Every structure is written in structure tokens, then in C-alpha cells.
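Below are the chains, spelled out letter by letter.
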Amino acid sequence: MVDRIARPISGHTVLLFGPQALSFGEDSFHQIRSTVLETEDYRWILDTIAELPKWLNTISKECPSLQTGPGLKLLEELNSWFKNGRLSQAPFTLPNILLNPLVIITQLTQYSKYLELANHKRERGDDLYASSKHDRETLGFCTGLLSALAVSSSADRAQFQKYGAVALRIGMLIGMVVDAQDASADTGESVSFATVWNSVESGEEMGRILKKFPEVKQQSQTSITVQGSDRICRHISLSTMMRIEPL
């Protein structure tokens, strides 16, 4: 979509960073690796990936109650994948400790590409990340919230790289916690869904139904996270005729 943009940014712009990818296969990885390696502007991403195992060690020492599981080995493999491009040991479908950073990298590189294409008539040496602060609103949903925070907090290129690295580290930590919870849950992995209703009454009915299932966590007005998802989602759909879509 960003490839179709060939004009300066004008008017009020809304930048929306979406939720976590439902899947991230080998083709997706090779595409993002190719993007990161195509320019020195993304060197900060490679440096951050290389440092993630160190950060995980630091976190586990400060918070011994957090179970890192195979996280350290997975992060070391992620760094190796970016270096050599070989995915022979890749555990697809990816765990959240890897998927979260990869989604954030995808979103931040897409944002950078958007700035380049939308400001193709810029003067040499202009800081695109500084000029993009005007007439812009940034929104994030689920994992995209971290990308949105990095973008909206950045007044120039240096800050974008700084806060982008922070977003990757936080995404890694959140992913580790989610993976640990899923591994210890009797009902299996958790799944997030978007719910849609068209009346106040339907929204209230959703609230009443969710109270019957303590394993369901309502993340927002339109988002729920479910463990043992099939049974619960069928109940909600049949009771309310609401649309429930996986995020």
C-alpha cells in the first residue's frame, strides 16, 4: 500500500498500527530480513536484536519469578537468522517472544518507507522523522500500540531509533510472559478476538456473558483474550449474534 504514495504529506494524517500477525512464515521472515539489510538506516534494528538475549538475562535476574523457558535460545536463534538468513531450525508457528519483535520491526520499517515515499521531493539531508510530526495522529491496537508509542514519541531520527529499540525490548518481554502463561495454562494457548456489536444492549449482554467465564480477559471495548477459545466464542456468538474475529 505504501508503494502507491507519491506525494507530500498534506492535511491531517492518521497512522494506524495494527495487531499482532496471525502467522509469520518463512516468506515473511525473508522479506523483513531483506528490508532490514537493504540500508544502514536499519542498522539499529540488527543491533537491538543482537542485544535481546542480554536484556532477557537482565530481566530474569531482576525478576526471578519470571520463567524465561526456552526464550534465551530462541532470541539467540533470531539473531542468527538475521545474520545468515537460514531458518532450518525455525519453530513455525513462532512463539510470542519472537513474533512480537518481528511484528514491531515490520511496522516500523513500513512507517520509514512511508515517510520516504510520501516525501520523495524532500531536500537532501532533511530529517523525515522531524518533518512528519505535523498534522499527524498516531493510533495503535494490540502489539501495534508499542509501534505507535515509538513513532509518536519521536521528534527526529535519533529518537525514532531509540524508542523503536525500546518498543522491541518491551515487545520481547510481553511475548515471553504470554508464552509462559500459555505453557502453564490447562486450557491451552490464549487467543485474542475482536468483537463487534451494534447496540448498547448487545454490549451489555457481552459483559454479562463474559462474567460467566473468568478465563476471558476483556482488553478493551472491542477486544477480548480467551483461553479454551472455541467453546467460549461459540457461546458468545450464539447468544448475541455478534461477530467475533481473531486478531
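One can find the structure itself at the top, above this paragraph.
Residue positions are given per chain, counted from 1 along the sequence in the order it is written. Note on the predicted model: pLDDT of at least 70 is required for a residue's local features to be given, and 80 or more for side-chain atom pairs to be given and counted; whole-chain, interface and lining totals, by contrast, use all residues. Water and hydrogen atoms were dropped before computing side-chain values, which therefore reflect all heavy atoms in the structure.

> So, a nonpolar patch on the surface: which residues are in play, and what are the values?
A surface patch of nonpolar side chains, about 280 Å² in accessible area, is lined by V14, L16 and L139. Helix and strand labels come from DSSP, where a helix needs a run of H or I of at least four residues and a strand needs a run of E of at least two; each type is numbered from the N terminus. In this structure, L16 sits in strand β1 (residues 13–17). The buried label goes to any residue with under 20% of its type's maximum accessible area, the exposed label to any with over 50%, and the partly exposed label to all in between, with areas taken from a 1.4 Å probe on protein chains only. Here L16 falls in the exposed class, since its relative accessible area comes to 63%. Residues form patches when they are more than 30% accessible in relative terms and have no salt bridge. Like charges link within 9 Å. Nonpolar side chains (Val, Leu, Ile, Met, Phe, Trp, Tyr) link within 5 Å. To measure how exposed things are, a 1.4 Å probe is used in the Shrake-Rupley method; for residues, cover is taken only from the protein chains shown. The salt bridge criterion pairs a side-chain nitrogen of Lys or Arg with a carboxyl oxygen of Asp or Glu, the two atoms within 4 Å.

> Describe helix α8 (residues 200–210), with residues and values.
The complete set of buried residues in α8 reads S202, G203, M206, I209 and L210. Looking straight down α8, one finds its buried side chains confined to an arc of 120°; they lie on one side. Away from its buried face by more than 90 degrees, α8 exposes V200 and E201. Starting at the helix axis, one direction is taken to each C-beta atom, and the arc is that of these directions.

> Got a sec to walk through the nonpolar core? Specific residues and values, please.
Most often, soluble globular proteins have nonpolar side chains that are buried together. The biggest cluster of nonpolar side chains holds 44 residues, and the ones touching the most others in it are V36, W44, F82, I97, L98, I105 and Y111. Counting only elements with at least two residues in this core, the list comes to β1, α1 (26–37), α2 (43–62), α3 (71–84), α4 (96–118), α5 (128–131), α6 (144–152) and α7 (157–184). We call a set of buried Ala, Val, Leu, Ile, Met, Phe, Trp, Tyr and Cys residues a nonpolar core when their side-chain atoms join them within 4.5 Å.

> Go over the environment of L37 with me, naming the residues and quoting the values.
Its place among the elements puts L37 in helix α1. Spatially, the C-alpha atom of L37 lies 8.7 Å from that of F82, the residues being 45 residues apart in sequence. Throughout, a residue-residue contact means that at least one pair of heavy atoms, one from each residue, lies within 4.5 Å. With sequence-adjacent residues up to four places away left out, L37 is seen in contact with L46 and F82.

Treat this as a map of the structure, not an account of what it does.
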